[in-house]
Amino acid sequence: MTLSKLTKASLIFSLTTSSLIFATSVSATDPASDSSANTSLTSTSLNKVVNAGQQINHSAAKSQQKVNTLTDQAQTKLQQFHVVTKEVDGLSVYNQQMQTQLDSQMTELAQLAKSMEEVSVIERQISPLMARMISTLDTFVELDVPFLPSERTKRVEDLKTMMNRADIAVSEKFRRVLEAYQIEVDYGRTIEAYSGILPIDGKKMDVDFLRIGRVSLVYQTRDGSRLGEWKQSSGGQGQWQSLSQDYRLGINKALRIARKQLAPDLILVPVSAVPVSINETSTQAE
């Protein structure tokens, strides 16, 4: 508004100056106004008006410069305000996320503290459990079909020795016990061929053993002249019995499959079934 008024005043003074100059020129042509006093007075008034107009124009130019400077400063401050506002909004969202994570971490810390308090109780309970598991595994290996006897017995003995060691954490002990159980479970669904020594008729002979899960365990001498199978009894006892040479081709084929020398195929081998009496069957049914 101030700039508009100054501009209007400058225009008015310019028009007034032009009018006075025009009047002066008219008076100069008028023969009746040839007085020197009037001419001097008019010239002085015109000079004042011109000087005043120049001062107004100069002041208006300065004011315009100030207005331009203030406008640029206002635009700069406005842009800075928008930038800072966006940063504040971003920081608010970030702070909310950090607070959510902090709350989650505090919850986890509380759960960890509670778990640490229960560790001693769990340790006191799991140690007897592992001892019972190892004892059960030892009994199972003793009563099971006698394949890989040295390896399986050594695994159980290593577990018993491990339980008395203080440099092994309880978690590692439990892991090894579960690993031993898993190995025993895997024996029931795999086929395997391995060599060993077996007393036959009072003589120790090199034989090839064939194990098919836990349902069949047979042997064959290196020359193929003797065949035998393990017959498991219901009480966990069993004995080796001779096999007919009719099984020789089937056992040889199964040995090659177990050694991955042949692709899997149908094989004919005896099954070491546990005999079950009628009384035991009725008892299990009840």
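This text goes with the structure placed above it.
The paragraphs below set out a description of the structure included in this document. Quick caveat, the model's predicted, so the values are computed rather than measured. (Residues numbered from 1 in each chain as written. Predicted model: local features only at pLDDT ≥ 70, side-chain atom pairs only at ≥ 80, totals over all residues. Heavy atoms only, no water.)

## Quick notes on the overall build of the protein
Counted only if it meets this: Numbering of helices and strands runs from the N terminus; a helix is a DSSP stretch of H or I covering at least four residues, while a strand is a stretch of E covering at least two. Here's how the labels work: a residue is buried when its accessible area is under 20% of the maximum for its type, exposed when over 50%, partly exposed in between, all with a 1.4 Å probe on protein chains only. Any two residues whose heavy atoms approach within 4.5 Å are treated as being in contact.
Scanning the protein from terminus to terminus reveals six helices and five strands. Shown N-terminal to C-terminal, the secondary structure of the protein runs as helices and strands in the order α-α-α-α-β-β-β-β-β-α-α. For the protein, with 286 residues in total, the buried portion stands at 21%. Residue pairs in contact within the protein that sit at least 24 positions apart in sequence constitute 49% of those at least 6 positions apart.

## Things to note about the pattern of salt bridges
Threshold: In the sections that follow, a salt bridge refers to a side-chain nitrogen of Lys or Arg positioned within 4 Å of a carboxyl oxygen of Asp or Glu.
For the structure on display, the rule yields 20 salt bridges. Here lysine 154 makes a salt bridge to aspartate 158, at a shortest N to O gap of 3.0 Å. Taken together, the residues lysine 154 and aspartate 158, both in helix 3 (residues 149-163) and four residues apart, mark about one turn of the helix. Relative accessible area serves as the criterion here: at 40%, aspartate 158 is assigned to the partly exposed category. In this structure, arginine 226 engages aspartate 201 in a salt bridge whose closest nitrogen and oxygen atoms are separated by 2.7 Å. Of this pair, arginine 226 sits in the loop between strand 3 (216-221) and strand 4 (227-232) while aspartate 201 sits in the loop between strand 1 (191-200) and strand 2 (203-212), and the two are 25 residues apart along the sequence. Judged by relative accessible area, which is 27%, arginine 226 ranks as partly exposed. Residue aspartate 201 is classed as exposed on the basis of its relative accessible area of 65%. Because the salt bridges share partners, they merge into one network encompassing Asp144, Glu151, Arg152, Arg155, Glu184 and Arg214.

## So, unusual backbone geometry
With the exception of glycine, the majority of residues adopt a negative phi angle, and the majority of peptide bonds are in the trans configuration. Located in the positive-phi region is leucine 148, a residue other than glycine, with phi close to 45 degrees. With respect to the helices, strands and loops of the structure, leucine 148 is situated in the loop between helix 2 (36-143) and helix 3. You will see that aspartate 201, though not glycine, has its phi angle at about 55 degrees, which is positive.

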